[in-house]
Every structure is written in structure tokens, then in C-alpha cells.
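Descriptive structure summary
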Amino acid sequence: MASAASDLSLICQSTIAGDQRVDLKNGVFGRPVSTLEFRCHGETLKKKLGFKVRAAVQVGLEGSKSKAYPKGLEGAFQLDVVSEGELMEKGFLGLRKTKLVCTIGPACCSLEDLEKLALGGMNVARLNMCHGTREWHRDVIRKIKKLNEEKGFSVSVMIDTEGSQIHVVDHGSPSSVKVEEGSVWLFTAEQFEGSRPFSVQANYKGFSEGIEVGDELVIDGGMACFVVIEKTGSDLQCKCTDPGIFLPRAKLSFWRDGKLVERNYKLPTLSTKDWADVDFGISEGVDFFALSFVNHAGSIKQLKNHLSNKSTKSIRVLAKIESLEALHNLEEIVQASDGIMVARGDLGVEIPLEQIPAVQEDIIDVCRQLNKPVIVASQLLESMVEYPTPTRAEVADVSEAVRQYADALMLSGESAIGSYGPKALSVLDMTSSRIESWSRQENRQSALNHYQLGVSLPDRIAQQICTCAVEMANNLGVDAIFAYTSHGQMASLLSRSRPNPPIFAFTNDDSTRMVLNLQWGVISLRVDLSDDVEYNISKTTELMKSKGLISQGDVVLVVSDVTPKRSTPVAVQSIQNIFFLELQMRLRYKFMHVYAEWNTFEWNTF
Ligand SMILES: Nc1ncnc2c1ncn2[C@@H]1O[C@H](COP(=O)(O)OP(=O)(O)OP(=O)(O)O)[C@@H](O)[C@H]1O
Ligand SMILES: CC(=O)C(=O)O
Ligand SMILES: [K+]
Ligand SMILES: [Mg+2]
């Protein structure tokens, strides 16, 4: 261990040819800090390390018995029952990495149905505020919390706001209305009761602003098409050019010369109803808000600001990318948010469908660069709303999203109103596990084109350490990565590099535990952490062992962002100096937790 103290070089066995050097000499206050160095040593080092790491955990386990644990560490150890069962049954590499989100609706809102979904691997339950009453939503949230508490699940709750969008008013008429070619329809904002033949009410009176005769009106991204033949005031007479059907709340978009007519309706991203839904979500202790029809970073910042004033717990804000404008402002939106949903349903109303696959891949890529979790949503298994098996094309679509390393996949109508919700969930579960395993075998982990996330030195160090830790974990073939993390930052940085082994994130913060549910490859556990990392490692290893979750010979790589308390008081006059030293300690400290696993235990073993 002592050898690490003065020389801050991290030597990492790597199969990548050539030297990789990360220079941290820019330093703090103009003084050099140190150098992290990754060297490629080939087979010799690999063997040696492999053996020592293996020996290490065994020694760690034996040695831990004689240690007195600090107060607090004896407490709770919460791993959700589903991950525990999966781990027992399939081992570390059998744990699914891709997370699953289910939309809750009338078909799955009983306690029994929710339990079935939880058992089937639902990580996050989504409530769409477009549908259902306040009481219904409250009831569902409470049932999920009850299941978590009483049955040991760890299902997070997401509220998806209604947002503002131009659509057809639902008059409670038949679930679909046929549109024949050549038929002429009136589109109006004028309110009427019940259904009127060949008349459609739009939900917003400015729906036809800027629209001209000759423009194309597309229903739900192509369910039916019209051409505008007459405009009187805000009313439009439209003739059907491509027959199809109207579904309830069908969405309207206008096109001219093959391009979307982009109009600024000045509709708020968060309406009065949305704000009321947000406050309801806060009071019910939800974990995520997914903000519909985000167009720029401002609305995300506004909501985050509101949450930091109103909520005692940390609630994450996801931006739904479902408009052309959002695509124009993608990077600033991703930066401002805590995660993204690729909302392909509404996105397909604003961009041609054939562009969706490429746009999806681009969004996922930006999210990984900027280290934000991303959900791929809508129509993944649409045919399963009605049928018990998916189409081959749907399975291919799911596989593609997994292969692109999306953090999570989402069911909408399949679980909310379909007859085969749990079956659809198991299709997602099995398909993701299969593709993940194939990706590992094919060694398809593409090196991240490393976007520098942090600006400050500690942030840059954390990023380098996590990237390197994942490379080590993959190259050494370790069984699991343990991360000790208060706010989840370290766990998320590890997830960003999509390691082969699962990441067990031990956290002392309940909300961190729940929000990590959306992060690829992370299994979060609630434990009482000490500020002594050595004890954290010994204790959690022992607890995992006592539950039969790890055994002799397993190789675990440890990363920690829980830093020790300073034992000496800060002298104000030499504050610069102390900051410098502290940072060095921190660097050394973190560094040692990637490194220490072989260095410390080398010392223990021999
Ligand atoms: N709470 C609910 N109550 C009744 N029906 C629901 C509920 N949630 C979803 N649904 C049904 O499931 C379908 C798919 O759900 P989804 O959440 O994708 O809705 P959506 O209306 O397409 O809107 P969004 O664009 O916000 O996702 C909806 O069209 C609706 O019929
Ligand atoms: C999920 C959603 O809102 C959409 O796909 O439009
Ligand atoms: K919504
Ligand atoms: Mg939508």
C-alpha cells in the first residue's frame, strides 16, 4: 500500500496497444498535482493481477471477521428481491443490464398485476398524466410503494406530464373513426357535444394559424392524410388524400413542400395542470418527472428549480424528445436534464418515420457522451397490445435499442391497456439479456469518444478513474464492480462505459437508490455507509457473502467516492496549501480504490 503514497501512477493492464497517458499536470493553483498513467503490459501483468485480485477477496473476507465495524454499518442492507433472485439463479453476468419501464394503466393497476410486473423485472413504473384521475394515480403510486416496502421490490415511480400539444378532442365516440379517400372534413376549434359527421374539433383555437390552402394535414404521423382546400377564419375544410382512421386524441401536424410547418403556438411546456401534477408528484414522493414536449433547456431548468425549492428529496427530471424543435436544441436539453426519453410516438408526428432510427441512435449517443440515462419509448412491442407474441420486426427493434446501449426500454399501451403486459415485459427482459450477452461475446464495447464531462480537477479525476476501472474490469474479467456512492455520480460514470460485469452501487441515500434504477447495469443497494472505505468494503462484502451473493474466488473491483473525514483541522492561513494537499489525498485515495484491490491484497496475501 505504501508504494502508492508518493507515486501517483495508475498502471492498468490493457489489451489496447500502445501507451495511454492522462496528464493531470495542469494542477491546482498553478502547481502540478500528479500523473495518472495507464500502461499496457500485456499478458504477464494480466496473469499476475488476475491471480492476486482473486486471492484478495478471499483474504478480505477472512480478515474482516476480526474487524470492529463503526457504528451504523451493522444496519440495513437492502437489495431488491428481483435482483437477488436473478443473481442467485444466473450469477453476476446473468443480471440484465438494460432497465425496463412499464406504463401503468387500467390493464395492470391492481396490486396483483403490479406485483406481477415487479416480479417480471419492471424497474420503473410510469404514470401518464394524459389519462386517469388524480385518485387513480394516487392509488397506483401508493400500491407500488406498498409493494416496495412489504415485498422488497425496488420499483421507482415516474410521472409523465400531459404537456401542450395540438390534438383532436375526444368526444367519447367510437375508439376509431374511418376516413374514406376523397371525403371532405371540417377541422374547427369550435366546441360541440358528442360526435358530428365529418367534423373534428381541435383542442386549441390557434391550431390553424399560419396554415394555407394547399398545405397537407397529417393525422398521427400518417394514420390518414388530408389537403387543405378552404380556410374560413380558423376553420379548415380538408379533403382526404390518403384514407385511414382517427383514433381518440389523434395528433395533427401540417406539412408544406415535404417539410413540417413549424409554428410557435407559444403553448407552455408546463401548463397550469402540469404544475398541479408536479406538486401532486412531489407530495406523493415520486422519483422522476418526464417532461412532455420540451423544446428548450429553459423549461427543464424551471422545473428543476421548482423541485429544489419544493421537494426535500432529490427528484430527477427527464426531458422527452418528441418535437422537431427539441431536436434542434438537443444538446442544451440533454445538458440541462437528468435523463432523456426518446418519445418516438410524437416524434414520428413531427419528423418522417424513416428518420427515427438514426435520430434515436444520435440521441442515445449524445446522452452517453454527456452521461445522462436514456429511455427508448413507444411501439416497441405494439402488436402485443392485442396479440400474445410480438412480430419479428418488433423484436429486431428492441434488439437494436439494446445494441445501441440505451439505458432503458419502455412499454406503453402494451402494459397500460394490453392483455399481455407481463408477457410483453418478459419479451423485453429476454431480448435484452440475449443481446447484452451477445454484445459481450462479440466484445462490441465501443470505446467512448471521451467527451470531457467535468471541468474541475476532482470531476476530471473521477471520470478518468471510472473509465479506467471499467477497462480494468473488462480486461481482468472481474465478476462485479462495487461502487460506494452518496449521490450516484460514480455509479453513473461507471455505467457510462457499459462494463461487462454488473455495478453494485452501495448508497446511504434512499433517493439515490431509486434514481439509479434507470441506469444501465447498475444495481443499487441501500446501506449505511461509513466514511471509512476499508470498513465499507469489508462489511458489504461480508453481507453479500452471508446472503450467498458472492463466494470465494469471485473477483470484485471497488470504486468509491465516499471520502474520509479530515483528521487535522484546516489552518486558515495556509488554505491554498491544504486544498492542494487534500486534493492530492483525494486523488491518491480514489486512485487506491481502483488500484488497492490488487496492491493491498498483494500485501495481505504474501
Ligand atoms: N392511466 C391510463 N388510463 C387509461 N388509459 C391509459 C392510461 N395510461 C395509458 N393509457 C392508454 O395506453 C395508451 C398508450 O399509453 P401512452 O402512455 O403511450 O399514451 P399516449 O396517449 O400515446 O401519450 P404520450 O404521448 O404521452 O405517451 C394510451 O393511448 C391510452 O389509451
Ligand atoms: C412516450 C411518448 O410520449 C411518445 O412516444 O410520444
Ligand atoms: K404524456
Ligand atoms: Mg408523447
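To start, this report covers the structure provided alongside it. (Residues numbered from 1 in each chain as written. Chains lettered and ligands numbered in written order. Predicted model: local features only at pLDDT ≥ 70, side-chain atom pairs only at ≥ 80, totals over all residues. Heavy atoms only, no water.)

Right, let's talk about the site of ligand 1 for a bit. Close to ligand 1 lie 15 residues; R126, N128, H131, D346 and S412 are nearest. Contacts to ligand 1 include R126, whose side-chain N or O atom sits 2.8 Å from an oxygen atom. Separating an oxygen atom of ligand 1 from a side-chain N or O atom of H131 is a distance of 2.9 Å. Looking at the shell around ligand 1, the elements with two or more residues in it are β5 (124–128) and α13 (413–416). Classifying every residue of the shell around ligand 1 gives 6 nonpolar, 5 polar and 4 charged. (Near = heavy atom within 4 Å. Polar contact = N/O pair within 3.5 Å; in protein donor to acceptor, adjacent residues only side chain to side chain. Helix = DSSP H or I, 4+ residues; strand = E, 2+ residues; numbered from the N terminus. Nonpolar A, V, L, I, M, F, W, Y, C, P; charged D, E, K, R; others polar.)

On to the pattern of salt bridges, then. All chains considered together, the criterion is met by 25 salt bridges. Its salt-bridge partner being K273, residue E162 comes within 3.0 Å of it at the nearest N-O pair. Within this pair, whereas E162 is found in the loop between β6 (156–160) and β7 (177–179), its partner K273 is found in helix α6 (residues 272–283), the two being separated by 111 residues in sequence. When its relative accessible area of 37% is taken as the criterion, K273 is described as partly exposed. Salt-bridge contacts for D338 lead to K304; the nearest nitrogen and oxygen are separated by 2.5 Å. You can see D338 sitting in the loop between α9 (330–336) and β18 (339–343) and its partner K304 sitting in helix α7 (residues 297–310), a full 34 residues away along the chain. (Salt bridge = Lys/Arg side-chain N within 4 Å of Asp/Glu carboxyl O. Buried < 20%, exposed > 50% of the residue type's maximum accessible area, 1.4 Å probe, protein only.)

You will see that F198, though not glycine, has its phi angle at about 55 degrees, which is positive. Mapped onto the elements of the fold, F198 is located in the loop between β8 (184–188) and β9 (199–201). The residue Y405 is not glycine, and still its phi comes out positive at about 65 degrees. With respect to the helices, strands and loops of the structure, Y405 is situated in the loop between α12 (392–403) and β20 (408–411). What makes Y405 buried here is its relative accessible area of 7%.

Attention now goes to the coordination of the potassium ion (ligand 3). Around the potassium ion (ligand 3), the protein supplies N128 (OD1), D160 (OD) and T161 (O) as donor atoms, at distances of 2.7 to 2.8 Å. Motif for the potassium ion (ligand 3), donor spacing along one chain: N-x31-D-T. Between the potassium ion (ligand 3) and the magnesium ion (ligand 4) the interatomic distance amounts to 5.3 Å. With a gap of 33 residues between them, N128 in strand β5 and T161 in the loop between β6 and β7 connect regions that are remote in the sequence. When sorted by exposure, N128 lands in the same class as T161, which is buried. (Donors = N, O, S within 2.8 Å, 3.2 Å for Na, K, Ca; no water.)

Around ligand 2, the neighbouring residues are R126, K320, E322, M341, A343, R344, G345, D346, S378 and M410. With respect to ligand 2, the side chain of K320 contributes an N or O atom lying 2.7 Å from an oxygen atom. One nitrogen or oxygen atom from the side chain of D346 is found 2.8 Å from an oxygen atom belonging to ligand 2. When residues of the shell around ligand 2 are traced back to their parent elements, those giving at least two are β18 and α10 (344–350). The element contributing the most residues to the shell around ligand 2 is α10, with 3 residues. Of the residues assigned to the shell around ligand 2, the class counts are 3 nonpolar, 2 polar and 5 charged.

For a metal with four tetrahedral donors the ideal donor-metal-donor angle is 109.5 degrees, whereas six octahedral donors ideally subtend 90 or 180 degrees. The magnesium ion (ligand 4) binds to the protein through E322 (OE) and D346 (OD); the donor distances cover 1.9 to 2.1 Å. You can call E322 buried: its relative accessible area is 1%. A relative accessible area of 10% means that D346 is categorised as buried.

Turning our eyes to something else, we now look at the sheet that holds strand β15 (residues 259–260). Overall, mixed pairing links the 7 strands, which are arranged β9-β8-β12-β11-β10-β14-β15 in an open sheet. In the strand order of this sheet, the two ends are held by β9 and β15, each with one partner. One ladder, built from 4 bridges, connects β8 with strand β12 (residues 235–242); its direction is antiparallel. Note on β12: the bridge partner recorded for L186 is Q237. (Pairing = 2+ DSSP bridges.)

Our next topic: the sheet that holds strand β23 (residues 522–527). The 5 strands lie next to each other as β3-β23-β22-β21-β24, forming an open sheet whose pairing is mixed. With one partner strand each, in any of the chains shown, β3 (77–78) and β24 (556–560) form the two edges of the open sheet. The strands touched by helix α16 (residues 489–496) within the sheet are β21 (480–484), β22 (503–507), β23 and β24, with β22 carrying the most contacts at an inclination of about 170 degrees. Against the sheet, helix α18 (residues 533–546) touches β3, β21, β22, β23 and β24, its axis set at about 130 degrees to β21. (Contact = heavy atoms within 4.5 Å. Axes fitted to C-alpha atoms, helices over the stretch in contact; angles between N-to-C directions.)

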